[in-house]
Amino acid sequence: MKTGIIDEPVNYSKKENDKLGTNDYADALKKFIEKTATPMTVGIQGEWGSGKTSLMYKLWKDLDGDEKNTTIESIWINSWEHSLLKSPEEALISIVSDITNQISNLNPKNKNFDKLKKTGIKIFTSAAKMTAGLASGVAGKDVIDELVGDKSENSIKELKNTLENFIKDTIQDTENKDISKITKLVFYIDDLDRIEPKDAVKILELLKNIFSLPHCVFILAIDYQVVIKGLKDKFGEKTEENEREFRSFFDKIIQLPFTMPISKYSVNNYVLSLLKEINFIEDSENELFNENIEDILRFTIGNNPRSLKRLINSLSLINILNGIKQDSENKEYANKEKLLLFSMVCLQVAYPKIYDLISIRSNIKEWDESLAAE
């Protein structure tokens, strides 16, 4: 028995069951990535807690992300970790440097290896200069201009050319047994929607400018609404007149938009399994809950997996506090009492003001105009 459900992405290395029914979507994306022309960018869209990272983990496992020298080589970047305690410019440099470093380590024998490493050192040095500059009140714009501008020997343009040559030589190197199987690189960029929207947009632009390369597929976890917020400085508030500009920016970066199929989730099975994990219901109560869960959730908190986990944790605590016992002589009533409790917690999460009213006057049949006036 568990007393709490953690809010972590599904760990497919532990062979967890597909409780939400997303495996078919992951399988389709896997086949698309395996066969697609490159460069290609896939945008995994969905609100917070909708399962974007879990889906990316599933793709990572299915495409042998933990193994080296496979047909598809995988690289994972957590953009939010790179942004912690950093300015937007530092975060940009840190992400680019991490990707560059992971690519270079694929093939140390490549003739461009030293050049890529030197570029990484250059970028890290620039980040250190920027940190010192910001601490003393000097903006990091000069450092960014140095990297992006055409004057610098190690500019972004030069970095892109070096990366392209490095990847091309790595793919075509059939004699090196350590890399002989690699035909494509897949980059997983997670947690972009946890970054300040305008900074997330900067990262998107930079990734597009540098890593739009042959043999490369980017999988980005970001929602369109985050992009809209991040483009306000550029286009202003989104209106019917300028909506096309927002959409054009997004479409230019994302070639395959994939929206998390949250409305198609197998919520009944998922919630039932969680309720059993916390010992809230038994198998004998499946039918009553299975008939009602979908409607209750549809009218209250919805299908978001993160919200559902919070719901289960609230029920678990209440279950412990109340010490709910099954009355063997009146089992049907006890089952309905649990369903009512489930409904009330859903109501509390989704509509706290209504729940407060019920706490004040629990007999709903007595609600009248005077209560409404209060």
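Residues numbered from 1 in each chain as written. Predicted model: local features only at pLDDT ≥ 70, side-chain atom pairs only at ≥ 80, totals over all residues. Heavy atoms only, no water.

Some points on the sheet that holds strand E2 (residues 72–78)
Phase 1 of the analysis: On the basis of which strands lie adjacent, the open sheet formed by five strands has the order E2-E3-E4-E1-E5 and parallel pairing. Two strands in the sheet have a free side with no partner beyond their single neighbour: E2 and strand E5 (256–259). The average angle at which neighbouring strand axes cross in this sheet is 15°, direction not considered.
Phase 2 of the analysis: Seen against the sheet, helix H8 (residues 197–211) touches strand E3 (184–190) and strand E4 (216–221) and runs at an angle of roughly 175° to E4. (Pairing = 2+ DSSP bridges. Helix = DSSP H or I, 4+ residues; strand = E, 2+ residues; numbered from the N terminus. Axes fitted to C-alpha atoms, helices over the stretch in contact; angles between N-to-C directions. Contact = heavy atoms within 4.5 Å.)

What about the confidence of the model for the chain?
Phase 1 of the analysis: Residues at a pLDDT of 70 or more form 85% of the chain, whose mean pLDDT is 81.
Phase 2 of the analysis: Per-element confidence in the chain ranges from a low mean pLDDT of 52 for helix H6 (residues 141–148) to a high of 93 for helix H1 (residues 23–35).
Phase 3 of the analysis: For the stretch residues 134–140, pLDDT sits under 50, and the model shows six contacts to residues farther than four places along the chain or on other chains. (pLDDT = per-residue confidence, 0-100.)

Thoughts on H8
Phase 1 of the analysis: Taking 1.5 Å per residue as the helical rise, H8 with its 15 residues ought to reach 21 Å, and the 21 Å between its terminal C-alpha atoms agrees with that figure.
Phase 2 of the analysis: Listed as buried for H8 are Pro197, Asp199, Ala200, Val201, Ile203, Leu204, Leu206, Leu207, Ile210 and Phe211.
Phase 3 of the analysis: Elements that come into contact with the buried residues of H8 comprise helix H4 (88–104), helix H7 (156–172), E3, E4, helix H9 (224–230) and helix H11 (243–253). (Expected span 1.5 Å × (residues − 1). Buried < 20%, exposed > 50% of the residue type's maximum accessible area, 1.4 Å probe, protein only.)

Here's the deal with the packing of H4 against H8
Phase 1 of the analysis: Interhelical geometry of H4 versus H8 gives an angle of 35° and a closest axis separation of 10 Å. The handedness of the crossing between H4 and H8 is right-handed. Across the interface between the two elements, Pro88, Glu89, Leu92, Ile95, Val96, Ile99, Thr100 and Ile103 from H4 touch Asp199, Lys202, Ile203, Leu206, Leu207, Ile210 and Phe211 from H8.
Phase 2 of the analysis: Looking at the contact of H4 with H8 residue by residue, the class counts come to 11 nonpolar, one polar and three charged. (Left-handed = near helix turned anticlockwise from the far one by under 90°. Nonpolar A, V, L, I, M, F, W, Y, C, P; charged D, E, K, R; others polar.)

A look at a negative patch on the surface
Phase 1 of the analysis: A cluster of acidic side chains, namely Glu366, Asp368, Glu369 and Glu374, defines a negative patch on the protein surface.
Phase 2 of the analysis: On the basis of relative accessibility, which here comes to 40%, the residue Asp368 falls in the partly exposed class. (Patch = residues over 30% accessible without salt bridge, like charges linked within 9 Å, V, L, I, M, F, W, Y side chains within 5 Å. Areas by Shrake-Rupley, 256 points an atom, 1.4 Å probe, with all protein chains shown as cover. Salt bridge = Lys/Arg side-chain N within 4 Å of Asp/Glu carboxyl O. Lys, Arg positive; Asp, Glu negative; His and termini not counted. Charge placed at Lys NZ, Arg CZ, Asp CG, Glu CD.)

Observations regarding the side chain of Thr100
Phase 1 of the analysis: The residue Thr100 is located in helix H4 in this model.
Phase 2 of the analysis: Note on Thr100: relative accessible area 1%, which makes it buried.
Phase 3 of the analysis: From its side chain, Thr100 meets the backbone oxygen of Val96 in a polar contact 2.8 Å long.
Phase 4 of the analysis: Residues within four places of Thr100 in sequence aside, it is in contact with Leu116, Leu159, Leu163 and Phe211. (Polar contact = N/O pair within 3.5 Å; in protein donor to acceptor, adjacent residues only side chain to side chain.)

A closer look at the pattern of salt bridges
Phase 1 of the analysis: Scanning all chains against the criterion turns up 11 salt bridges.
Phase 2 of the analysis: For Glu73, the salt bridge goes to Lys68, with nearest N and O atoms at 3.5 Å.
Phase 3 of the analysis: Classification of Glu73 by relative accessible area gives buried; the value is 2%.
Phase 4 of the analysis: Judged by relative accessible area, which is 61%, Lys68 ranks as exposed.
Phase 5 of the analysis: The closest approach of N and O atoms between Arg298 and Asp295, which form a salt bridge, is 2.7 Å. Of this pair, Arg298 and Asp295 both sit in helix H13 (residues 286–298), three residues apart, which is roughly one turn of that helix.
Phase 6 of the analysis: For Asp295, a relative accessible area of 37% translates into the label partly exposed.

Structural notes on the environment of His82
Phase 1 of the analysis: Structurally, the position occupied by His82 is in helix H3 (residues 79–83).
Phase 2 of the analysis: Along the chain, His82 and Ile93 lie 11 residues apart, while their C-alpha atoms are 9.1 Å from each other.
Phase 3 of the analysis: With residues up to four places along the chain from it excluded, the contact list for His82 reads Ile77, Ala91, Ser94, Ile95 and Asp98.
Phase 4 of the analysis: Looking at His82, its side chain comes within polar contact range of the side chain of Ser94, at 2.6 Å.

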